[in-house]
Amino acid sequence: MILPSLVLILIVGGIGSWIAARRSEVFARWIALGSVLADLSVCLGIWVGHLGRSQSTPKSWFVAFDLAWIPQFGIRIHLAIDGLSLALLLLTYFLGIMAILSSWTEIDERVGFFHFNLLWVLAGITGVFLAMDLFVFYLFWELMLVPMYFLIGIWGHERRIYAATKFFLFTQLSGLLMLVAIIALAVLHKQSTGIFTFDYEQLLETALTPRAARLLMLGFLVAFAVKLPAFPFHTWLPDAHTEAPTAGSVVLAGLLLKTGAYGMIRFVLPLFPGPSHELAPVLMTFGVIGILYGAVLAVGQTDLKRLVAYTSVSHMGFVLLGVFAGNETALEGAVVQMVSHGISTGALFILAGLLQERMHTREISAMGGLWETMPALSGAGMVFAMASLGLPGLGDFVGEFLVLLGAYRANVPLTVVATLGLLAATLYGLRFAVNAFQGPNPHHWQLPDMRPREWAMLGLMMACLLWIGLYPQPVLNSVRQSLAVAQQSTFPQEVVRR
Amino acid sequence: MSRSDFAALLPLLIISTTAVILMIAIAIQRNHKTAAVIALGGVGAGLGSLFFAAPVLPRQVTGLFILDSYSFLYMAILLCAAALVLPFAYDYLKHRHEYREEFYVLALLATTGAMVLAASRNFASFFLGLELLSVALYALIAYVRSESISIEAGIKYLVLAASSSSILLFGLALIYSASGSMELSQFTAAMTHTASHGDSVFLVTGLMLVLVGIGFKLAFVPFHLWTPDVYEGAPLPVTAFIATVSKGGVFALFLRWFQVNSDNRAGAAGIVLSILAVASMLTGNLLALRQNNVKRILAYSSIAHMGYLLVALLAGGALGASAATYYLMAYVVTILGAFGVMTVLSGPGWEAASLDAYRGLFWRKPLVAAVFTTMLLSLAGIPLTAGFLGKFYVLTAGAAESRWVLLFTLIVSTTIGLFYYLRIVVVMYARPADPGTMSEANTLPLPLPATIGLAALTGLVFLLGVYPSLFWNAIVAATRNLG
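Notes on the structure follow.

### Notes on the overall build of chain A
Stage number 1. Tallying secondary structure elements over chain A gives 22 helices and 2 strands in all.
Stage number 2. Over its C-alpha atoms chain A spans a radius of gyration of 22 Å, differing by no more than 12% from the 23 Å that the globule rule assigns to 498 residues.
Stage number 3. Sorting the 498 residues of chain A into buried and exposed places 67% on the buried side.
Stage number 4. In chain A, the share of contacts with a sequence separation of at least 24, taken over all contacts with a separation of at least 6, comes to 81%.
Stage number 5. Of the roughly 16000 Å² that chain A leaves accessible, carbon and sulfur atoms contribute 68%.
Stage number 6. Side-chain charges of chain A comprise 27 positive and 27 negative groups, with the mean position of each set lying 3 Å from the other.

Laid out in structure tokens, this is it:
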């Protein structure tokens, strides 16, 4: 019952804080914070309990939950957690807490409904990371959308309606394609075995003709590529990220994008090993295009949030490259990149939110010399900009380095080109840091520095980035087993070579 | 006719008798509340009699009716829909200065017609049921005589429905002349008919003409032109009635006698139906995009939803009929909820039809707005609502029979559809423009009957979306023996 309670706590907490907000807004915030904290501590408990065991038991879930739901179609509420899910869930709740804290003063209207939506998005994400029944997975996948749509559409900035609608339509269309692929997979499974089921573990055994496998894989891949976002499908992202309120941007960049990568690792690789192998070079190329394209566009942005949004496209390109590079090093790198990108980008969006709250603008050109008036905040900004450009010692470096290391074994030219992305990253990172914080203060800003709450948020995130940057082993240990399973099914020869 | 024949006909008898009783009661003393209670009581008794009569099923009564679990299932859906329309109609009429009582007589007659359609097995009962339904609807659409738009809609419907009925009759005559039989099963026979016989031309032509007549009632493209105008012009409860009872009854007949299976999929009828489905889905959703009147939006969306139903019907196979029935149930519940919300928000003398009437609704009436959002999301097919599982079943039925073209059209048009549902949602959650434009309905408290109706419908939307097993087994059992 632990796993459904993770989802239920958030759902009930969301309703609770909506109701509580009629009485007291502060109380509503505390309820929201409390429920996410409760989930975080449950996950930490599971993690601590299984730290040693992850190595010894091959392919088994830490905790699982199974309950019949729609027996006529073999749909079961099957939730399970392994190292990969656990790492991403910890990230989810960590960033969830940051999202609530970051909107503590920013959101001052409809506080209850805001936290309701925020917690329901988190509930949807939790479900996505836990679901082992493809129908339930799709359900949670869609469930993330509606509250996210409201978060952007109600509390967003100037062009919020446009951004929210675009976001919803992109993800809905791709999601429906995935739904058809899921159903077709289940139907094919039924035709070959006579059992109608949506269970992940049973569908893994489905025998598919190469053509069917390729088509079905494309159905899944489109959904995940839009969410990730991979290069040609990224256009919703800058709008949604820019227009969303801070908490929305944090959740979008930090978590929603990760569901796409998670889907590729969990579903695309193991379910469709053959076509994954075939298409790997194409997908890696798209990853590299994404790296360069995102980085180059980020250099040209004047809006701080838009800049960070494009860096996400670039960083997610590394993830795509790593997932399909076909060896464990790159895959592990991709996961580390997912976690550390969640933290560093989340922090940058929070930073943008803090600046906007103080200066009422996101234009980098309107900033400048902020170090003079806000040394602590500028210092934090510097650190996260450095993390984003991949400074050794901070989390993103580990991820990108491992991805490149692994990709080098798979495809040398692509890796060399991808490395150029790091160069562009240095450009946009330094340009932002210098233009915003260094130099004279031409606009004569006089602004309050960080408050204790903001210190606590950014400080914690900094600590996490440092931890992943200096000692990533715990993260790697906990995800290694699950990745090996995904890996073995798709690229068996690589494992032998190791 | 034996006793059990009468028992099997009990639901039909009860509803038509109630109409007569109501007529007499109105002649004695006009009273709005009494009329509503009698009508509701009759519908309730009709629903109860379904359970009472269930043991004598399945049964053929004369050459006209076939009463089996399928027709009873559809009668139950129709009666529930009618029972839920009545409370909204009561609130709606209370604010109007017409003669109110006859509304219920007409509604009961139309319901009887729809039920006859669900149970008919012969051309004669088919046509009688259809005309009973249509004639009652002419009057219902134009019921609010002070509104010229209602009169216009009524006349438009009268002219078009009458001409489509005559086309239908001609089609029936052609089929009769070719086959010498008045059984509705001739439709299925005509669909599987190979072109070797000399009279096959008559059969196929007749079948196409019948399709025109049915397509008009269900508003498939290109027979959809009446839909937006009639939806817009008819009083809200009548619009809800057309969307649910009228279409539900015709669809019951359509689904039973136009079974598509793998033999006749490539036949002329199969191809024509596929084209109708694709055209309905795309046209309905695309035309809805630019509307600013919520009634018109829902009218166009209903065209698209009929297209989705057609996909399930065309899928056939083991799942097709069940999926179509489930989708219809989900649609009926959802659209009733949507029109119910609109009725609740309408004031005396005007309807909450324009998109502006919903601006900032969420900040004024959060619960009503939440209900409306639920209904719209269900229409769009978002998980946890009835609409999603309906779509899921349709997709599964289609995938099981590899109807990929239809499925991809469905996906694309669903996404287009999402856009205009979101438009309404966005308006509801937008800030109210300024306090001066707040309409008088804001001060009206929610009427009790409609509130109960809305609560029940919202509950049903979630029940159908979360726990389908409850209904699915019954639906599968009822549709197993078709086709």
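What follows picks up the thread again.
### Quick notes on the nonpolar core
Stage number 1. The biggest cluster of nonpolar side chains holds 397 residues, and the ones touching the most others in it are F220(A), F324(A), F187(B) and F254(B).
Stage number 2. Per-domain counts for this core show at least three residues from each of domain 1 (1–161 + 224–255) and domain 2 (263–483) of chain B.
Stage number 3. Setting aside chain neighbours within four positions, we find F254(B) in contact with L211(B), I214(B), L218(B), F220(B), L273(B), L310(B) and L313(B).

### Observations regarding helix α7 (residues 145–155) of chain A
Stage number 1. Extensive coverage of α7(A) is indicated by the burial of 11 of its 11 residues.
Stage number 2. All of the buried residues along α7(A) are L145(A), V146(A), P147(A), M148(A), Y149(A), F150(A), L151(A), I152(A), G153(A), I154(A) and W155(A).

### Notes on unusual backbone geometry
Stage number 1. Following L228(A), the chain continues to P229(A) via a peptide bond in cis, the omega torsion being -5°.
Stage number 2. Secondary-structure assignment places P229(A) in the loop between α10 (210–227) and α11 (236–243).
Stage number 3. Omega for the peptide link from V221(B) to P222(B) comes to 10°, which places this bond in the cis form.
Stage number 4. Positionally, P222(B) belongs in the loop between α8 (200–218) and α9 (226–233).
Stage number 5. With a phi angle near 50°, R110(A) is a residue other than glycine that sits in the positive phi range.

### Some details on the interface of chain B and chain A
In many reports, interface size means the accessible area that the parts give up when they come together.
Stage number 1. At the junction of the two partners, chain B supplies 35 residues and chain A supplies 35 residues.
Stage number 2. Across the chain B-chain A interface, the total number found is 0 salt bridges.
Stage number 3. For the pair chain B and chain A, the number of links is 3 residue pairs in polar contact (both at pLDDT 80 or more).
Stage number 4. Among the elements of the structure, α14 (361–364), α15 (366–380), α16 (386–400), α17 (404–429), α18 (448–466) and α19 (469–479) of chain B are those that each provide at least two residues to the side of chain B that touches chain A.
Stage number 5. Of the residues that constitute the side of chain B that touches chain A, the class distribution is 27 nonpolar, 7 polar and 1 charged.

How each quantity is defined
Throughout, a residue's number is its position along its own chain's written sequence, starting from 1. Starting at A for chains and at 1 for ligands, labels are handed out in the order in which the entities are written. Given that this is a predicted model, residues contribute local features only at a pLDDT of at least 70 and side-chain atom pairs are listed and counted only at 80 or more, while totals for whole chains, interfaces and linings are drawn from all residues. In computing side-chain values, all of the structure's heavy atoms are included and hydrogens and water are not. Secondary structure elements are taken from DSSP: a helix is a run of H or I of four residues or more, a strand is a run of E of two residues or more, and numbering for both begins at the N terminus. This radius of gyration counts C-alpha atoms alone. The globule rule is 2.2 Å times how many residues there are, raised to the power 0.38. A 1.4 Å probe rolled over the protein chains alone gives each residue an accessible area, and that area as a share of the maximum for its type sets the label: buried under 20%, exposed over 50%, partly exposed in between. Residue contacts are counted whenever heavy atoms from the two residues lie within 4.5 Å of one another. The method behind every accessible area is Shrake-Rupley, applied with a 1.4 Å probe, and residues are considered shielded solely by the protein chains displayed. Counted as positive: Lys and Arg. Counted as negative: Asp and Glu. His and the chain ends are not counted at all. Just so you know, the charge point we use is NZ for Lys, CZ for Arg, CG for Asp and CD for Glu. The nonpolar core is taken to be a set of buried Ala, Val, Leu, Ile, Met, Phe, Trp, Tyr and Cys residues, with the residues joined through side-chain atoms within 4.5 Å. Throughout, the edges of the domains are those of an automatic or database domain assignment. Throughout this description, the term salt bridge denotes a Lys or Arg side-chain nitrogen within 4 Å of a carboxyl oxygen of Asp or Glu. Counted as a polar contact is a pair of N or O atoms within 3.5 Å, where, for protein atoms, one must be capable of donating a hydrogen and the other of accepting one, and residues adjacent in sequence contribute only when both atoms are in side chains. Throughout this entry, Asp, Glu, Lys and Arg are counted as charged residues, while Ala, Val, Leu, Ile, Met, Phe, Trp, Tyr, Cys and Pro are counted as nonpolar. The remaining residues, Gly among them, count as polar.

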